[in-house]
Structure formats: C-alpha cells, structure tokens
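The primary structure of each chain is shown beneath.
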Amino acid sequence: MAAPGYGKQSAPEQLPRSAADFSHLPAREAYLASLIDHLPDGAAMDVKTLAVLQPHYGQMACRTALNNLSTAGHLRRVRERIGSRDCRWVFRTYFSRTPRSDAWWTRFITTGDAGEASTPGAPDPPKGRTLNRTSPTSAAYAALAGLGLADARLALSAADCTALEPLAAEWLARGATPALFTAALTAGLPPEGVHSPVAFTRRRLLDKMPPERPRPELPTTRVIECTGCRTPCRPHALLGGLCRRCRDDGACGAPPPDSRALTAAAVHRHAARVRQALAASRGS
C-alpha cells in the first residue's frame, strides 16, 4: 500500500477491459499503463515502485511515461484533505483505463461527477496521435454488448443495445460494476433457452434494478497537482495534467532552479576570503 506516496485510485465509469485498451499509446507507455491498470487500488505507483515492479524501464523512463500518460488523459495526481480538525492529507493518483479530457478530469476532481464513460469524455488527440475508436460507445452499451459473450442466450443486436442503454446506464449509475451487471443478467437463465433476448433482458433490468446509493461525501479539500513537478495548481492551469513550466521547458519532474545558487565566480571569491581569514588567524 502507498504510505504516504501517490497510491492508485481507479477513476469511475471506465469501459470494460479489452485487448485494444492502450493501443493508441507508444510501446513503453502502453506497457506501463497495462501494469498500472492491474494494480489494486491503494497500491503505490510512484516512479521508484514502478521501476521495481518491472525489469524493462528505470526511474527516469517511468517518470517520462507517467507524464505522457497524463497528457494522454489516463491519470491525474491529487492531494485530498480528509480531516477538517487535524488537516490530514492523502496523496492519490487517479488512473483511468479509458482516456479522459481535461474537462472531464476537472469536473470529476472538483465536483465528484464522473459523467458517462463515452468517447466525448476522451481527450482531444494531439498532433500525430489518434485514438482507435470509430464510434461513441458508452459503458452501458458495452456492458449490454458483452452479455452475449458471457452467455450466447443473451446475444443482443446493436439496435437492442441502443434501446436498453438507458436502463443499463441507470444500473451503472447506482454503483453496479460491469462484472456485477453481467453476473446479475446472466444468472439462472432458462435451460430451454430465451425466446426473445431483448425482452428478457429488459424485464431483468427492471426487476433486478439495484437500489440507489447515496453519493459519498467529497473530501473537504481536493487539490490537483502537476504530474511532472507535483506543484499544486488550479485545474484550468494544467493542460494534460502538466503545468506551463513542465510543458514549455520539458523539465517535468525536475526540481525548480534555486535562484539563490552562487555562480562559479562568487564561489571562488568566497573561498579566497576564507583562505585569507585562515592565514591571518595563523599569523596572529
């Protein structure tokens, strides 16, 4: 577990895992993103830990990859105050298998509202990079489309998934995970088969609808940080999770320069004064 480092926290409303999850990323970023995706919530995912967890990339490579994953919309670093009296802070890295836009991250971090996991929430691809998606697919639609893979008796057409999408979206909004959704819909199917998969699924969606769950209270204070240098910033000041200095200077992860540092000439002058003082003390 991460203590007190930037422990992983999974972002809500992600699309189900697939073989093409990180195919839009370079090989190094895709490899580390897949590694992070399979870490449990709360696990440390700082550069030192990531370098130890796999044999291919060192700390500097992991640092650069995390910055690139941030600009690609997969993660944001946040510090949260969880106690109003003792001002306890925790540090988390929110990770999303589904790439998100800056607007989505800002809305989620400031209000806790995740919206719906669809392509409009994905980041605008930078020059030279495009996402491998050809049409919008919500988490609810993907969950319905996956029923036929879990049990062929509930194979739904594209039109069926579109018609049932609002009901499935309500399930997910009430806290049902894709795995729980699939298990609830496919459990105890009639052995003789299902005459109308769409009608049967609609009936189960209505009859087994989970209860509404109260929204968890947001932390008293939540501050987003630059992924590169970890400087606390306002959300609108971060593009791709990076502050202006890290974007413009490419100094991601490097400590800010010390304006009080002495020049080489100043060091020589100070050394000369010290030598003179020592010589004078010996002569006296």
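Residues numbered from 1 in each chain as written. Predicted model: local features only at pLDDT ≥ 70, side-chain atom pairs only at ≥ 80, totals over all residues. Heavy atoms only, no water.

1. Considerations on the overall build of the protein
For step 1, the next point in the chain: Helix and strand counts for the protein stand at 11 helices and 5 strands.
For step 2, the next point in the chain: When each of the 284 residues of the protein is scored for burial, the buried share is 39%.
For step 3, the next point in the chain: Across the protein, every contact between residues at least 6 apart in sequence was considered, and the portion connecting residues at least 24 apart equals 62%. (Helix = DSSP H or I, 4+ residues; strand = E, 2+ residues; numbered from the N terminus. Buried < 20%, exposed > 50% of the residue type's maximum accessible area, 1.4 Å probe, protein only. Contact = heavy atoms within 4.5 Å.)

2. So, the nonpolar core
For step 1, the next point in the chain: Within the largest apolar cluster, 21 residues are counted, with the highest numbers of intra-cluster contacts made by Leu144, Leu147, Leu156, Trp171, Phe181, Leu185 and Leu205.
For step 2, the next point in the chain: Those elements that provide at least two residues to this core are helix H5 (139-145), helix H7 (158-173), helix H8 (178-186) and helix H9 (197-207).
For step 3, the next point in the chain: Setting aside residues no more than four positions away along its own chain, Trp171 makes contact with Ala176, Phe181, Ala184, Leu185, Arg204, Leu205, Lys208, Met209 and Pro210.
For step 4, the next point in the chain: Residues Leu32, Leu39, Ala43 and Leu50 belong to the second largest nonpolar core, which totals 19 residues. (Core = buried A, V, L, I, M, F, W, Y, C linked by side-chain atoms within 4.5 Å.)

3. Details of the side chain of Arg174
For step 1, the next point in the chain: Within the secondary structure layout, Arg174 lies in the loop between H7 and H8.
For step 2, the next point in the chain: The exposure class assigned to Arg174 is buried, which follows from its relative accessible area of 18%.
For step 3, the next point in the chain: Here Glu170 takes part through its side chain, which lies 2.7 Å from a polar atom of the side chain of Arg174. (Polar contact = N/O pair within 3.5 Å; in protein donor to acceptor, adjacent residues only side chain to side chain.)

4. A look at H8
For step 1, the next point in the chain: Among the residues of H8, those classed as buried are Phe181, Ala184, Leu185 and Thr186.
For step 2, the next point in the chain: Where the residues of H8 are buried, they touch H5, helix H6 (147-150), H7 and H9.
For step 3, the next point in the chain: Count one or two residues on from H8 and you reach Gly188, which has phi positive near 65°.

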